[in-house]
Amino acid sequence: MSSPQPATASPAAAAHRHQHDAGRAGPADPARSAEPEGALVVHADEQVRTAFGILVEKFEAAYPGTDVLVEFGPSARHAQHIVAGAAVDVLISGDAAATARVVSASGGRPSVIARNPLVIAVARRDGPVHSVADLRRTGVRVAVCAARTRCGDAARSLVDVHPAVTAADGPAAVAAVRAGTADAALVHRTDIVAARADLPAIDFPAAVQHADQYTVVRLGQDDNRTAADAFVAFTHSALAQRVLSDEGFSPAG
């Protein structure tokens, strides 16, 4: 496993140490009952890279004595490393099975901070697709992510549809709609935001019910419990929830 690297101030990067801005006003809602300080190791799902690139900067600005070291990657890989004994203070997981493994092994305390439902991305609201039923209509071209991708597996488990376009990932499926080679794409809402595509998104009940859940787990490390508790509280703050919403995530509730 590579050594965790500090998140950067840029939302697009998370592998270099960024400068603390002690003069920047921090968020008002995280608790300050004890002042957090020191290094904090966070392992986070790749899907939250952009949101937590922003949030780590905000947390460190609120608590200038802290230094958050973030490693982004698949939740299952993080779980494997943590179960094997990696020293990690906080896990942010988008994989329920991975979360369960970590909680069972570490006694960590999980809480849901966001959800990421599958949606139908369409080029325009007055087009041929308004519901899941429309995806099965003759002549409607649907883009679906490849098998063994997060969006592809979700789409195939929720919707019985024969895709006209098989895309490598969510942004590629969104690109097919933008290019006119597909009338609709089954993707996560975060894929639309990541592609910077101004496309309407249609929710449907099965996807909302079975949305991916993103869970924060404060692990059993005692070295920096105060900072870890503060970071977990911060992920539930109004500021954090706004940043997650801006990146396409739905509220936890």
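Check the entry above for the structure.
Please read all numbers here as calculations on a predicted model, not as lab measurements.

Enquirer: I would appreciate a short explanation of the overall build of the protein in the present structure.
Expert: Broken down by element type, the protein carries nine helices and eleven strands. Looking at the 253 residues of the protein, the share that counts as buried comes to 50%. Within the protein, residue pairs in contact and separated by at least 24 positions form 73% of the contacts whose partners lie at least 6 positions apart. Roughly 11,300 Å² of accessible area belongs to the protein as shown, and the carbon and sulfur atoms make up 50% of that amount.

Enquirer: For this particular structure, what's the right way to read the sheet that holds strand 10 (residues 201–202)?
Expert: Each strand in a sheet pairs with its neighbour through backbone hydrogen bonds, running either in the same direction (parallel) or in the opposite one (antiparallel). Here five strands make up an open sheet; going across it, the order is 8-7-9-6-10 and the pairing mixed. Taken across any chain shown, the strands that pair with only one partner, and hence form the sheet edges, are strand 8 (165–167) and strand 10. Across the face of the sheet, helix 4 (residues 150–158) comes into contact with strand 6 (118–122), strand 7 (142–145), strand 8 and strand 9 (184–188) while running at roughly 120° to strand 7. Relative to strand 9, helix 5 (residues 170–179) is tilted by about 155°, and along the sheet it contacts strand 6, strand 7, strand 8 and strand 9.

Enquirer: What is the right way to read the side chain of Arg218 from this model?
Expert: Mapped onto the elements of the fold, Arg218 is located in strand 11 (residues 212–218). Side chain to side chain, Arg218 and Asp229 meet in a polar contact 2.8 Å long. Not counting residues up to four positions away in its chain, the partners in contact with Arg218 are Asp89, Gly108, Arg109, Arg225, Ala228, Asp229 and Val232.

Enquirer: Which parts of the structure should I look at to understand the environment of Val216?
Expert: Within the secondary structure, Val216 sits in strand 11. With 102 residues separating them along the chain, Val216 and Ala114 place their C-alpha atoms 9.4 Å apart. Those residues in contact with Val216 that sit more than four places away from it in its chain are Val90, Leu91, Ile92, Arg109, Pro110, Ser111, Ile113, Val232, Thr235 and His236.

Enquirer: How should the pairing of strand 2 (residues 38–45) be read in this particular structure?
Expert: Across a regular strand the side chains alternate sides, sitting on one face of the sheet and then on the other. Among the eight residues of strand 2, six are classified as buried, and the element is accordingly described as predominantly covered. Taken together, the eight bridges between strand 2 and strand 3 (residues 66–73) define a ladder with parallel strand orientation. For Leu40, the partnering residue across the bridge sits in strand 3 and is Val68. Handedness of the crossover joining strand 2 and strand 3 through helix 1 (residues 49–62) is recorded here as right-handed. Pairing of strand 2 with strand 4 (residues 90–93) involves three bridges; the strand directions are parallel. When the sheet's bridge partners are listed, His43 is paired in strand 4 with Leu91.

Enquirer: I keep staring at the side chain of Asp89 and nothing clicks. Help me out?
Expert: Inspection of the secondary structure puts Asp89 in the loop between helix 2 (75–83) and strand 4. Of the side chains with opposite charge, Arg218 comes closest to the buried, unpaired Asp89, at an N-O distance of 7.8 Å. Polar contacts involving the side chain of Asp89 include one to the main-chain amide nitrogen of Val41, which spans 2.8 Å.

Enquirer: Got a minute to help me understand the packing of aromatic side chains in this structure?
Expert: Each aromatic ring pair is described using two quantities: the centre-to-centre distance and the angle formed by the ring planes. Applying the stated rule across the entire model yields five aromatic pairs. For the ring pair Phe52 and Phe231, a centre distance of 6.3 Å and an interplane angle of 40° mean the geometry is tilted. Taken as a pair, Phe52 in helix 1 and Phe231 in helix 8 (residues 225–235) lie far apart in primary sequence, 179 residues in all. Like Phe52, the residue Phe231 is buried in the burial classification. A ring pair is formed by Phe59 and Phe231, whose centres lie 5.1 Å apart and whose planes are at 80°; its orientation type is edge-to-face. One end of the pair, Phe59, is in helix 1; the other, Phe231, is in helix 8, with 172 residues separating them in the sequence.

Enquirer: Just to check I follow, could you spell out the pattern of salt bridges for this structure?
Expert: Opposite charge on two side chains allows them to pair when their charged atoms are near. In this structure the tally under the stated criterion is nine salt bridges. The residue Arg109 makes a salt bridge to Asp229 at a minimum N-O spacing of 3.5 Å. With Arg109 in strand 5 (residues 109–116) and Asp229 in helix 8, this pair connects stretches of sequence that are 120 residues apart. Taking the relative accessible area as the measure of exposure, Asp229 reaches 32% and is therefore partly exposed. Salt-bridge contacts for Asp134 lead to Arg137; the nearest nitrogen and oxygen are separated by 3.6 Å.

Rules and cut-offs
- Residues numbered from 1 in each chain as written.
- Predicted model: local features only at pLDDT ≥ 70, side-chain atom pairs only at ≥ 80, totals over all residues.
- Heavy atoms only, no water.
- Helix = DSSP H or I, 4+ residues; strand = E, 2+ residues; numbered from the N terminus.
- Buried < 20%, exposed > 50% of the residue type's maximum accessible area, 1.4 Å probe, protein only.
- Contact = heavy atoms within 4.5 Å.
- Areas by Shrake-Rupley, 256 points an atom, 1.4 Å probe, with all protein chains shown as cover.
- Pairing = 2+ DSSP bridges.
- Axes fitted to C-alpha atoms, helices over the stretch in contact; angles between N-to-C directions.
- Polar contact = N/O pair within 3.5 Å; in protein donor to acceptor, adjacent residues only side chain to side chain.
- Right-handed = clockwise from strand over helix to strand, strands pointing away.
- Lys, Arg positive; Asp, Glu negative; His and termini not counted.
- Salt bridge = Lys/Arg side-chain N within 4 Å of Asp/Glu carboxyl O.
- Phe/Tyr/Trp six-rings, centres within 6.5 Å; stacked < 30°, edge-to-face > 60°.

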